[in-house]
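Chain by chain, the residues:
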Amino acid sequence: MGLATCGIAAGGDKVFAALKNALSQRNLQVLLTRTGCIGYCREEPLVSIHLPGKSLIILHRVAETDAEKIVEAVAAETVPQDLALCRVEEWDPIVGEKLVFGTGFEDIPVYDEIPYFAPQRKIVLRDAGLINPEEIEEYIAVGGYSALHKALTAMTPEEVIEEVIASGLRGRGGGGFPTGMKWNFTKQEKSLQKYIICNADEGDPGAYMNRNEMESDPHMILEGMLIGAYAIGAREGVIYVRAEYPLAIQRLTRAIAQARDYGLIGKNIFGTDFSFELTIAEGAGAFVCGEETALIASIEGKTGRPRPRPPFPAQKGLWGMPTNINNVETWTNIPVIIQKGGAWFSRIGGEKNSGTKVFSLVGEVQRVGLVEVPLGTPIQTLVYDVGNGGIEGRKIKAVQTGGPSGGCIPASLFDTPMDYEHLTAVGSIMGSGGVVVMDELTSMVDTARFFIGFTNEESCGKCVPCREGLKHMLMLLDKILVGKATESDMATLEELSGVIKKTSLCGLGQTAPNPVLTTLKYFRNEYDAYLKGVP
Amino acid sequence: MIQVIIDGKTCAAEEGEILLAVARRNGIDIPSFCYEEALAPYGACRMCLVEVVKGGREGITTSCTLQVTEGLDVLTESPEIIRLRKALLELYLAQAPRSESIRALAARYGVTRTRFTKKTVRDDPLQNRCILCGLCVRVCRDVMGVGAINYIGRGQFTEINTPFFEENETCQGCGACAEVCPTGAIAIEDIAPNRIMKSWSGTKVPLKTCQSCGRYFAPSPFVDNTLEKLDTALKAALQDLCPDCKRKEMTRQAILLSTGTPLPMK
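Residues numbered from 1 in each chain as written. Chains lettered and ligands numbered in written order. Predicted model: local features only at pLDDT ≥ 70, side-chain atom pairs only at ≥ 80, totals over all residues. Heavy atoms only, no water.

## Let's talk about the overall build of chain A
Here is step 1: Counting secondary structure elements, chain A contains 21 helices and 16 strands.
Here is step 2: Over its C-alpha atoms chain A spans a radius of gyration of 24 Å, differing by no more than 12% from the 24 Å that the globule rule assigns to 535 residues.
Here is step 3: Structurally, chain A occupies a C-alpha span of about 75 × 60 × 40 Å along its principal axes.
Here is step 4: By residue count, 62% of the 535 residues in chain A fall in the buried class.
Here is step 5: Once local pairs closer than 6 in sequence are excluded, the contacts in chain A between residues at least 24 apart make up 70%. (Helix = DSSP H or I, 4+ residues; strand = E, 2+ residues; numbered from the N terminus. Rg over C-alpha atoms; globule rule 2.2 N^0.38 Å. Buried < 20%, exposed > 50% of the residue type's maximum accessible area, 1.4 Å probe, protein only. Contact = heavy atoms within 4.5 Å.)

Structure follows, in C-alpha cells:
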C-alpha cells in the first residue's frame with residue numbers, strides 16, 4: 001500500500017486499515033506492508049499485489065470499499081482486474097540485482113506502456129513505491145548499502161570523489177554546482193572537525209520531490225551521506241528537514257536508528273576506521289532557511305538569515321567548521337554513482353547535464369505527480385506525454401519551473417530541454433524541480449503576484465532590496481490587478497525587478513523577481529490589458 | 001603589501017583587507033550604512049556596491065565584504081553602480097522618510113523624491129528613521145557583550161527592540177546603539193535618577209551619582225561593568241567620580257605628588 005503523505009492524503013490509510021481488517025478475517029499467508037509512493041499521485045491510493053511467480057500488479061484509485069474484493073481476489077490467487085493500472089514483470093533497482101516478479105495477467109498493460117511512466121527513467125526513485133521505507137532489510141535486499149561497502153572497503157576517499165566528478169552530477173537543489181568539485185573544496189580544508197549537511201528544507205510552492213524521496217526511501221539518503229562523509233573526511237552529519245514534513249522526519253529518524261543498530265552509523269563502520277554520526281535538525285518554517293548560510297545559522301540556533309559568501313560553508317560552515325551541504329536528491333544519486341560508476345551515470349541525460357531529475361508536475365494538467373526523467377527532456381514531453389495536457393481539453397499557456405525563484409515559460413517554448421542551461425536561457429531556472437502548469441484560464445499577472453506575495457512573506461528582512469523592494473513590487477502588482485496602474489507604474493515595476501535581482505544579498509532576492517520578469521517578457525499583453533481596467 | 005586599483009587610482013593594501021576600508025583610507029568615499037570597522041562585515045545595506053572590472057569575480061558586489069587581492073580593479077561610481085544606488089536610495093527614502101542622513105545622501109546622488117509609497121508608523125519608537133542596518137543589534141551583542149536588543153519578526157515586518165517589547169534589565173544604558181546608528185533613530189534621555197532608553201521599550205537604567213559633586217554622570221550598570229574589567233588599583237582611583245571631578249582629583253594628586261606631599265587616603 002502506497003503510504004507516503006500523498007497516499008495518506010488520498011485516503012490510503014483508510015484503505016490500509018480496511019485491507020488489514022479484511023485480511024484478519026481470513027487465514028491467508030499474506031504480508032500487508034507499507035511502501036512509499038511510485039509517483040502517480042493522480043491515481044492514488046495505489047495498492048500493489050505480488051502473488052508468487054506472478055507479475056506485480058499495481059491497482060489504482062482504490063477505495064476503502066474495495067478492500068473485501070481485493071482480499072477475495074488474492075485468496076483466489078488472482079487480482080481484481082478492474083482496479084489494475086499496470087503490471088511489472090521485473091524491476092531494476094539499479095544498485096542491486098534485478099527484481100524478477102514473474103509473469104501472468106497478460107491483459108493488464110505493462111508498466112512501460114503506461115503513457116505516464118513510459119518517458120520516465122527511475123534512478124532517484126529506484127525503490128520508491130516498491131519497498132517498505134520503514135524496514136532497513138528491504139533496502140538492503142534491493143542492493144542498499146552495497147555502494148557504501150564498496151566505497152569503504154575498496155576505494156580511497158580520493159577515488160570516491162573522482163567517481164563523483166566523472167559522473168558529472170550537479171547540485172539538485174537548483175544551483176547546479178558540480179557535486180564532486182564541491183566535495184573537494186571541503187575535503188581540502190585543513191580542520192579536525194568537518195560536517196556534512198543534507199538540505200531537506202524543501203519549500204517551493206507545489207514542490208514535493210524531496211518529501212517523497214525521504215518518505216519512500218530514507219536509507220538511500222543516509223547511504224549517500226555516509227559515502228560523502230567518507231570522501232570528504234567528515235565524522236558528523238546533519239539532516240535539516242522542515243518541520244512541515246512530519247512523516248519524513250519520522251521515517252528518517254527510524255532509518256537512522258535502524259542503521260545504527262546494523263552498525264552502519266556509529267564507530268568503525270564495516271570494520272574500517274571510518275566512523276560517522278548523523279542527527280536530524282528540524283526547521284521552524286522559514287523558506288529562506290533553504291539557503292545554505294541561513295540553514296547553518298538555523299541549526300546553530302540563530303535566526304535564519306543568510307550571510308555574505310565568501311567565506312563559503314566549505315571554508316567556514318556549521319559551528320565555524322568546513323561544511324559540505326547538498327540537497328536530498330543530490331545525496332540519493334551517490335550510491336548509484338559508486339555502484340555503477342561515474343561513466344555509466346554520465347551517459348544518462350544531456351551534455352553537462354548528466355543523470356535524471358525528479359519533477360513535481362502539478363497545476364492545471366491532467367496527470368499530476370512526481371516524474372523522473374533524464375535531464376534534457378523537453379518540457380513538452382513532461383506536459384503533454386506524461387501529463388496528458390490540460391484539464392478538460394483546455395489549452396496550456398505556460399509552465400512555471402523552479403518555484404518562486406523561477407520563471408514562467410510560455411507554451412511556444414515547450415521544446416526547451418529541461419536542463420540547467422536551457423531553463424536559465426529562457427529566463428527561468430531548474431530550481432529544485434517544481435513544475436506548475438497553467439492553462440488558458442490562469443491570469444499570468446495574478447500568478448506573478450502570487451509568487452511575489454510568497455517571497456515577500458518569506459524574505460528574511462536583512463537586505464534592503466529584498467525586504468523593501470519586494471514589498472513595493474507587491475504593492476505595484478496589486479495596483480495593476482485592480483486596474484489602477486499606469487504605464488509609469490509598469491516601468492517602475494520592471495526597473496525595480498532588475499534592481500532587486502542585481503543588488504540582493506542572497507539567492508532568494510536575486511531570483512525573486514523572475515516570475516515578474518518572465519511574465520513581463522512573454523505575457524506583456526496581459527499586463528497591458530489590466531492598464532485599461534480589470535479585464 | 002599589494003596594489004589594487006580603485007576608480008583608476010592605485011592604492012596599497014594588505015592582502016585580504018576589506019576593500020571599503022582601503023578605499024576610505026585613500027580618500028575614496030564609498031557610502032555605506034551597515035559597515036563598522038569594529039564589527040564583522042554584514043552586507044545588508046547594499047549601499048557600498050562596487051563593480052569589479054578585473055582581478056576578481058567580475059560584476060557587482062558589496063565592497064564591505066570584498067577582500068582585496070593583487071591586481072583587483074574596481075569602480076565605485078560606474079554608471080551602473082550609480083543607477084542601482086539611486087534606486088536603493090529611493091527605497092530608503094520610502095522606508096525611513098524622517099531620516100535627515102538618508103535625505104542628505106540621496107540628495108548627493110540627485111534623488112530628492114521617491115516613487116515608492118512612504119512608510120510611516122505612528123508612535124514608531126525608532127522615529128520612522130530606522131533602516132534595519134543592524135548596527136545597534138550587533139554593537140550591543142558583539143562589542144558590548146550585552147545583547148539587550150534584537151530583530152523581531154521577518155521581512156518587511158522586521159523591527160528592532162527588546163524581547164517582548166518589555167523593559168530590558170540586561171541593557172546597561174551605554175548608548176553604543178545610538179552612537180553607531182547611521183540615521184539617528186535611537187532616542188535616549190536622561191531623566192534623573194534614570195537614563196530612559198526611549199526607543200527600547202522605555203527601559204530604565206539607573207544613573208550613577210558622583211561621590212564628589214553629586215551630579216548624575218553615567219548609567220550605573222555600565223560604570224560597574226566597566227570597572228569590573230580594570231585592575232583593583234585603577235578601579236579604586238576612578239570609582240564613582242564624574243569625569244569633571246575625576247580630572248580635578250587627578251590634577252590634585254599630581255600637584256601633591258610633585259610637591260612631595262603624601263597622598264591622603266581616600
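## With respect to the domain arrangement of chain A
The accessible area lost on association of the parts is a frequent measure of interface size.
Residues and elements named next belong to chain A.
Here is step 1: Assigned domains of chain A: these are domain 1 (5-113), domain 2 (145-345), domain 3 (356-439) and domain 4 (444-531).
Here is step 2: Just the C-alpha atoms count here: the centres of domain 2 and domain 3 sit 27 Å apart.
Here is step 3: Facing 16 residues of domain 2, the contacting portion of domain 3 comprises 19 residues.
Here is step 4: Across the contact surface, domain 2 and domain 3 share 2 salt bridges.
Here is step 5: Of the charged contacts in the structure, one is a salt bridge between glutamate 329 and lysine 357, with a shortest N-O distance of 2.9 Å.
Here is step 6: Between the two partners, domain 2 and domain 3, sit 8 residue pairs in polar contact (both at pLDDT 80 or more).
Here is step 7: Looking at the side of domain 2 that touches domain 3 residue by residue, the class counts come to 5 nonpolar, 6 polar and 5 charged. (Domains from an automatic or database assignment. Salt bridge = Lys/Arg side-chain N within 4 Å of Asp/Glu carboxyl O. Polar contact = N/O pair within 3.5 Å; in protein donor to acceptor, adjacent residues only side chain to side chain. Nonpolar A, V, L, I, M, F, W, Y, C, P; charged D, E, K, R; others polar.)

## Section: the sheet that holds strand S7 (residues 236-241) of chain A
All names here are of chain A.
Here is step 1: Spatially, 4 strands are ordered S8-S7-S6-S9 in an open sheet, and the strand pairing comes out parallel. Only two strands of the sheet have a single partner each, and these edge strands are strand S8 (277-282) and strand S9 (323-327). Across the sheet, the mean angle separating the axes of adjacent strands is 20 degrees when strand polarity is ignored.
Here is step 2: Judged from the 6 bridges that link them, S7 and S8 form a sheet pairing that is parallel. (Pairing = 2+ DSSP bridges. Axes fitted to C-alpha atoms, helices over the stretch in contact; angles between N-to-C directions.)

## A word on the sheet that holds strand S10 (residues 203-209) of chain B
All names here are of chain B.
Here is step 1: The 4 strands lie next to each other as S8-S9-S10-S11, forming an open sheet whose pairing is antiparallel. Both edges of this open sheet fall to strand S8 (188-191) and strand S11 (216-219), since each of them pairs with a single strand only. The mean inter-strand angle of the sheet, taken between neighbouring strand axes irrespective of direction, is 35 degrees.
Here is step 2: Where S8 lies against strand S9 (residues 194-197), 4 bridges are found, and the strand directions are antiparallel. For aspartate 190, the partnering residue across the bridge sits in S9 and is arginine 195.

## Overview of the layout of surface pockets
The probe, sized like a water molecule, is rolled over the atoms to show the empty space still left.
Here is step 1: Space inside the second largest pocket adds up to approximately 1000 Å³.
Here is step 2: Surrounding the second largest pocket, 31 residues form its lining, Lys302, Arg307 and Lys462 of chain A together with Pro41 and Tyr42 of chain B being those nearest its centre.
Here is step 3: Broken down by secondary-structure element, the contributors of at least two residues to the lining of the second largest pocket are helix H11 (292-299) of chain A together with helix H4 (135-143) and strand S6 (150-152) of chain B.
Here is step 4: It is H4 of chain B that contributes the most residues to the lining of the second largest pocket, 4 residues altogether.
Here is step 5: Residues belonging to the lining of the second largest pocket are distributed by class as follows: 15 nonpolar, 7 polar and 9 charged. (1 Å grid on protein atoms, 1.4 Å probe; cavity = no way out; pocket = protein on both sides within 12 Å on 5 of 7 lines; lining within 4 Å. Points joined across faces, edges and corners; volume = space filled by probe spheres on them.)

## What about the packing of helix H9 (residues 218-232) of chain A against helix H12 (residues 328-340) of chain A?
Residue and element names in this part refer to chain A.
Here is step 1: At their nearest, the axes of H9 and H12 sit 7 Å apart, and the two run at 75 degrees to each other. Considering their axes alone, H9 and H12 lie roughly perpendicular with respect to each other. Residues Met220, Ile221, Glu223, Gly224, Met225, Ile227 and Gly228 of H9 form the contact with H12, whose participating residues are Val328, Trp331, Thr332, Ile334, Pro335 and Ile338.
Here is step 2: Each residue belonging to the contact of H9 with H12 can be placed in one class, and the counts come to 9 nonpolar, 3 polar and 1 charged. (Parallel < 35°, antiparallel > 145°, perpendicular 65-115°, else oblique.)

## A word on empty space enclosed by the protein
Residue and element names in this part refer to chain B.
Here is step 1: Under the defined criterion, the tally for this structure stands at 5 cavities of 30 Å³ or more.
Here is step 2: The calculated volume of the largest cavity comes to roughly 120 Å³.
Here is step 3: In terms of lining, the largest cavity is formed by 16 residues, of which the most central are Cys140, Ala148, Cys171, Cys174 and Cys177.
Here is step 4: Breaking the lining of the largest cavity down by element, the ones donating at least two residues are H4 and helix H5 (176-180).
Here is step 5: No other element matches the 3 residues that H4 contributes to the lining of the largest cavity.
Here is step 6: For the lining of the largest cavity, the class distribution of residues is 13 nonpolar, 3 polar and no charged.

## Section: the interface of chain B and chain A
Here is step 1: The interface is formed by 29 residues belonging to chain B together with 29 residues belonging to chain A.
Here is step 2: Of the roughly 2500 Å² buried at the junction of chain B and chain A (both faces included), carbon and sulfur atoms supply 57%.
Here is step 3: The largest contributions to the chain B side of the interface with chain A come from Leu91, Arg154 and Gln156 of chain B, which together make up 25% of the buried area.
Here is step 4: Along the contact surface separating chain B from chain A lie 3 salt bridges.
Here is step 5: The greatest single-element share of the side of chain B that touches chain A, amounting to 9 residues, is contributed by helix H2 (residues 79-95) of chain B. (Buried area = accessible area lost by both parts, 1.4 Å probe.)

## With respect to unusual backbone geometry
One can expect most non-glycine residues to show negative phi and most peptide bonds to be in trans.
Here is step 1: Along the chain, glutamate 44 of chain A connects to proline 45 of chain A via a cis peptide bond; the corresponding omega equals -5 degrees.
Here is step 2: Note that proline 45 of chain A resides in the loop between helix H2 (12-24) and strand S1 (47-50).
Here is step 3: The linkage connecting alanine 192 of chain B with the following residue, proline 193 of chain B, adopts the cis geometry, with an omega of 5 degrees.
Here is step 4: By the secondary structure assignment, proline 193 of chain B is in the loop between S8 and S9.

## A look at the environment of leucine 72 of chain B
Residue and element names in this part refer to chain B.
Here is step 1: Along the chain, leucine 72 falls in the loop between strand S4 (59-62) and strand S5 (73-75).
Here is step 2: Since its relative accessible area comes to 2%, leucine 72 is described here as buried.
Here is step 3: Considering only alpha carbons, one finds leucine 72 and glycine 55, 17 residues apart in sequence, at a separation of 4.3 Å.
Here is step 4: Other than its neighbours up to four places away in sequence, leucine 72 contacts Gln3, Val4, Ile5, Leu19, Val52, Lys54, Gly55, Gly56 and Leu66.

## Some thoughts on a nonpolar patch on the surface
Here is step 1: Judged by side-chain polarity, Phe177, Met181 and Phe185 of chain A come together as a nonpolar surface patch covering roughly 280 Å² of accessible area.
Here is step 2: Mapping phenylalanine 177 of chain A onto the fold places it in the loop between helix H6 (157-167) and helix H7 (179-188). (Patch = residues over 30% accessible without salt bridge, like charges linked within 9 Å, V, L, I, M, F, W, Y side chains within 5 Å. Areas by Shrake-Rupley, 256 points an atom, 1.4 Å probe, with all protein chains shown as cover.)

## Comments concerning the packing of aromatic side chains
Here is step 1: On inspection of all chains with the given rule, the structure shows 14 aromatic pairs over all chains.
Here is step 2: Taken together, a centroid distance of 4.4 Å and an interplanar angle of 25 degrees make the contact between tyrosine 111 of chain A and phenylalanine 117 of chain A stacked. We note that tyrosine 111 of chain A, like phenylalanine 117 of chain A, is buried.
Here is step 3: Here the aromatic rings of phenylalanine 274 of chain A and phenylalanine 276 of chain A are separated by 6.2 Å at their centres, their planes lie at 15 degrees, and the arrangement is stacked. Comparing phenylalanine 274 of chain A with phenylalanine 276 of chain A, the two get one shared label, buried.
Here is step 4: Taken together through their ring pairs, the aromatic side chains of Tyr40, Trp91, Tyr111, Tyr116 and Phe117 of chain A make up a single cluster.
Here is step 5: Lysine 357 of chain A extends its terminal NZ or CZ atom over the ring of phenylalanine 359 of chain A, reaching a point 5.8 Å from the ring centre.
Here is step 6: Positioned over the ring face of tyrosine 42 of chain B is arginine 138 of chain B, at 3.9 Å from the centre of the ring. (Phe/Tyr/Trp six-rings, centres within 6.5 Å; stacked < 30°, edge-to-face > 60°. Lys NZ or Arg CZ within 6 Å of the ring centre and 35° of its normal.)

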